[in-house]
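Working through the structure, step by step
These are the residues of each chain, in order.
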Amino acid sequence: MSQQTEPPILSLQGVIKRFGGLTAVDQVSFDVPKGEVFALIGPNGAGKTTLFNCITGMHVPTAGKVVFESRDIAGTKPYQTAQLGIARTFQNIRLFEYMSAIDNVKVGEHVRMKAKLWDAIFRTPFARREEREVSERAMEYLRFVGIERHADNYARNLAYGQQRRLEIARALATEPHLLLLDEPAAGFTPQEKVELMALVDKIISRGITVFLIEHDMKVVMEVSQRIVVLDHGEKIAEGPPAEVRKDQRVIDAYLGKSA
Amino acid sequence: MNRLRALVRENSRNPNAIAYTVMAIGAIAFPGIIQFANGGNGDYLVSLAADSGVYVILAIGLNVVVGFAGLLDLGYAAFFAIGSYTYGMLASAQLISSPIHHAVHIPFWIALLIGMFVAAGAGALLGAPTLRLRGDYLAIVTLGFGEIVPRFFRNMKDWTSGVNGISALDVPTLPFWITGPWASTQLAIEHNFRFVSFNPTAWYVLVVILIFISVIGVNNLYRSRLGRAWMAVREDETAAAAMGVNTVNTKLLAFAIGASFSGFAGAFYGAKLSLVSPDSFGFIVSITILSMVVLGGMGNIPGAMIGALLLYSILYYFLPAAPAQAAALAHSVGMDWLNQSSPNGWPGISEFIHRLQFIMFGLILVGIMLLRPQGLLPSRLRAQELKRGVHDESAVVTA
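As the structure is a computational prediction, the values presented were derived from the model and not from experiment.

**Examining the overall build of chain B**
- Within chain B, the secondary structure is distributed over 16 helices and six strands.
- The globule rule puts the C-alpha radius of gyration for 399 residues at 21 Å, and the 23 Å found for chain B is close to it.
- Expressed along its principal axes, the backbone C-alpha trace of chain B runs to roughly 70 × 65 × 60 Å.
- Buried residues in chain B amount to 44% of all 399 residues.
- For chain B, restricting intrachain contacts to residue pairs at least 6 apart in sequence, the fraction spanning at least 24 positions comes to 74%.

**Describing the overall build of chain A**
- Across its full length, chain A holds 11 helices and 10 strands.
- Taken against the 2.2 N^0.38 rule, which gives 18 Å for 259 residues, the C-alpha radius of gyration of chain A at 19 Å falls within 12% of a compact globule.
- Along the first, second and third principal axes, the C-alpha set of chain A runs to 70 × 40 × 40 Å.
- Looking at chain A residue by residue over its 259 residues, the buried ones come to 48%.

**Describing the interface of chain B and chain A**
- With 31 residues of chain B in contact, the opposing surface of chain A contributes 33 residues.
- Of all the secondary-structure elements, those providing two or more residues to the side of chain B that touches chain A are helix 8 (200–222), helix 9 (225–235), helix 10 (237–242), helix 11 (247–273), helix 15 (380–385) and helix 16 (388–398) of chain B.
- Residue composition of the side of chain B that touches chain A, by class: 15 nonpolar, 11 polar and five charged.

**Comments concerning the packing of helix 4 (residues 101–109) of chain A against helix 6 (residues 125–145) of chain A**
Residue and element names in this part refer to chain A.
- Interaxial distance between helix 4 and helix 6 falls to 9 Å at its minimum, and their mutual angle equals 110°. On the basis of the axis angle, helix 4 is roughly perpendicular to helix 6. Seen along the crossing, helix 4 lies across helix 6 with a hand that is right-handed. Where helix 4 approaches helix 6, its residues A101, I102, V105, K106 and E109 are matched on the opposing element by V134, R137, A138, M139, Y141 and L142.
- Split by residue class, the contact of helix 4 with helix 6 holds eight nonpolar, no polar and three charged.

**A few points about the environment of A:Y79**
- Position of A:Y79 among the secondary structure elements: in helix 3 (residues 78–84).
- The exposure class assigned to A:Y79 is buried, which follows from the 23 C-beta atoms found within 10 Å.
- Beyond its immediate sequence surroundings of up to four residues, A:Y79 is in contact with B:A241, B:G244, B:V245, B:N246 and B:T247.

**Overview of the domain arrangement of chain A**
Residues and elements named next belong to chain A.
- You can read the domains of chain A as domain 1 (1–82 + 178–183 + 209–259) and domain 2 (86–175).
- The straight-line distance from the C-alpha centre of domain 1 to that of domain 2 is 28 Å.
- With 13 residues of domain 1 at the contact, the number on the domain 2 side is nine residues.
- At five residues, the largest contribution of residues to the side of domain 1 that touches domain 2 is made by strand 7 (residues 178–182).
- Residue composition of the side of domain 1 that touches domain 2, grouped by class: eight nonpolar, three polar and two charged.

**Quick look at the pairing of strand 10 (residues 234–239) of chain A**
Residue and element names in this part refer to chain A.
- In this sheet, strand 10 lies alongside strand 9 (residues 226–231) in antiparallel orientation, the contact comprising five bridges. Counterpart to L230 in the pairing with strand 10 is K235.
- Connecting strand 9 to the next strand, strand 10, in antiparallel fashion are two residues, including H232 with a positive phi near 50°.

**Let's talk about the packing of helix 3 (residues 43–68) of chain B against helix 12 (residues 283–297) of chain B**
Residues and elements named next belong to chain B.
- For the pair helix 3 and helix 12, the least separation of the axes is 9 Å and the interaxial angle reads 70°. Considering the angle they form, helix 3 stands roughly perpendicular to helix 12. In this structure, helix 3 uses Y55, L58, A59, L62, N63, V66 and G67 to contact helix 12, whose residues at the interface are I289, L290, M292, V293 and G296.
- Per-class residue counts for the contact of helix 3 with helix 12 are nine nonpolar, three polar and no charged.

**Here's the deal with the sheet that holds strand 10 of chain A**
Residue and element names in this part refer to chain A.
- Spatially, the six strands line up as an open sheet ordered 6-7-8-3-9-10, and their pairing is mixed. A single partner strand is all that each edge strand has here, and the edge strands are strand 6 (86–88) and strand 10. Ignoring strand direction, the axes of neighbouring strands in this sheet form an average angle of 20°.
- Its contacts with the sheet put helix 2 (residues 48–56) on strand 3 (37–41), strand 6, strand 7, strand 8 (209–213) and strand 9, and the angle it makes with strand 7 is roughly 150°.

**Structural notes on the sheet that holds strand 5 (residues 71–72) of chain A**
All names here are of chain A.
- As summarised here, the arrangement of the four strands in space is 2-1-4-5, forming an open sheet in which the pairing is antiparallel. Edge positions in the open sheet fall to strand 2 (22–32) and strand 5, since each of these has one partner strand only.
- Relative to strand 4 (residues 63–68), strand 1 (residues 10–19) runs antiparallel, the two being bridged by five bridges. Considered in strand 4, the bridge of S11 is made with V67.
- Across the sheet, helix 2 is in contact with strand 1, strand 2 and strand 4; its angle to strand 2 comes to roughly 65°.

**So, the environment of B:S262**
Residue and element names in this part refer to chain B.
- Tracing the backbone through its elements, the reader meets S262 in helix 11.
- In this structure S262 comes out as buried when scored by C-beta crowding, with 33 C-beta atoms within 10 Å.
- Along the sequence, S262 and L58 sit 204 residues apart, while their C-alpha atoms lie 5.3 Å from each other.
- Those residues in contact with S262 that lie beyond four places of it in its chain are L58, G61, Y76, F79, F80, G83 and A119.

**Quick word on the environment of B:A304**
Residues and elements named next belong to chain B.
- On the secondary structure map, A304 appears in helix 13 (residues 301–332).
- Here A304 falls in the buried class, since 33 other C-beta atoms lie within 10 Å of it.
- Spatially, the C-alpha atom of A304 lies 38 Å from that of A103, the residues being 201 residues apart in sequence.
- Aside from chain neighbours lying at most four places away, what touches A304 is A59, I60, N63, G67, M292, V293, G296 and G297.

The rules we used
Residues numbered from 1 in each chain as written. Chains lettered and ligands numbered in written order. Predicted model: local features only at pLDDT ≥ 70, side-chain atom pairs only at ≥ 80, totals over all residues. Helix = DSSP H or I, 4+ residues; strand = E, 2+ residues; numbered from the N terminus. Rg over C-alpha atoms; globule rule 2.2 N^0.38 Å. Buried ≥ 20, exposed ≤ 12 C-beta atoms within 10 Å, placed from the backbone. Contact = placed C-beta atoms within 7 Å. Nonpolar A, V, L, I, M, F, W, Y, C, P; charged D, E, K, R; others polar. Axes fitted to C-alpha atoms, helices over the stretch in contact; angles between N-to-C directions. Parallel < 35°, antiparallel > 145°, perpendicular 65-115°, else oblique. Left-handed = near helix turned anticlockwise from the far one by under 90°. Domains from an automatic or database assignment. Pairing = 2+ DSSP bridges.

Written as structure tokens, this is what we have:
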């Protein structure tokens, strides 16, 4: 397969994260191949979101390496990981509630904008041109996720599903190479889940690698090429969906061990 | 002409556009009308209006910090003090008695910019240690800064003359100036013009121009990349950081830019009053400016300006005039006995109202906030925040 020749876009090497006496992530290592949908699953409290936070710089790993595009980014600040090309959404939607949908997306574009303070104060021709381009692109992102009708609505006034989509649009606006989705289908109807899977396909076809946390096994099995399973902070299985599904440790973790 | 008509139609329902237009027309017409209405003796009121302009600039600046970036600053007067003292030291004979033994006389126009940059620097300096703090904690630290700065100037006796303050500051000069009926004189061009205290119209024009420049600049910022970053930090700092916004720089810039306006205002204030004293920058000044912003409409530039104008006129015009007005009213309705103080404790209506001044001020503040909790002219945002019920329904329908 082609991804074996290409280096992985993200590689975790022995990542540990402790909070005081609690080890939330324990010696986790795996590679996320470029251009695929990669899924992270596990029961509640398995350390999935903590791992995401370690990748995006919100937590500094206690030990281990986080290698993104062949450089160790463990300990870089969140805004720097965004600059490097990692974008994320949040498990509990975190939009800028009292900003319009399109402004939310424009904040995502912030990191790729070049206007300096001087340009902003005097509204130089450069700043005007950039603002115009940013507005057009923001509209395209909204169209891409299918909520362009709500561009001028406050984020907090959007319906739940639209908010999830807006969060994805905002993340895409940072022009990431790797997109981390934290439970994107949480609270979705079956119909919305189908639409989400289609959206993930569209994102992949743009050349963006998608790394997602998901609880819904049906979504995970259908959309992802490769799965890692965490339980109590440890990796207990890795492989293609069909294999992972049959893994005894995974079944135990989800259903409880039979005595 | 058609374009003008289209512009009017487009903005006739935009409260901000209306507010700007009314304020602009009011600002231009004010000196002429006042002089006419007072038979050429309106200098005092024009001077008062020029002073209120200082607070308008301060409110615009504080609105950047509190309204846009959501950083509660209770020590904003500190930057005002820094701007004033910078001008005081750089444009008077003050530094002769200082350890450098040399007077510095930098022209007003340059000192204005220096005051701006010094205040901005102080803003960044204060911002730096407080960046990890949020909300209430930040407010307390800024409160401390606001207390420290005026005391610092009071205690630096060698440089600032301590409690006496710095007096006899240089006035701005211009190569020429146009005067006319609006200042109750003949239309004429004056050469080598000096801004003197008995010509309040000149100061008034100057402050209006400064406000105009401030509004343009801050409006541009509001609609820029930086303005969006400020709002993103205000809404959700973690999410803003995840989107690549350098929250540290963004907040520092909010402090620095907010402070730069008070540097601006401070230089003007010092030059007009020709006196800078450590007593002019107390906690009450910070609170007054904050009240202006909140009462006018946090996060909305014309709102903050209207708040500043309204509170200033209440504090410095209506309340001081109230006792005399009450006495005159009592006289004119034939209740002169109210004006007599009586042995059983009645001090006379004038004194009675005088003692009630701050109760009335407090009641006015409470009244306005009860009637318009989102401020007089709120940003679209605050208006929604306080009427969320209506909009949540529409969200449910589309869900």
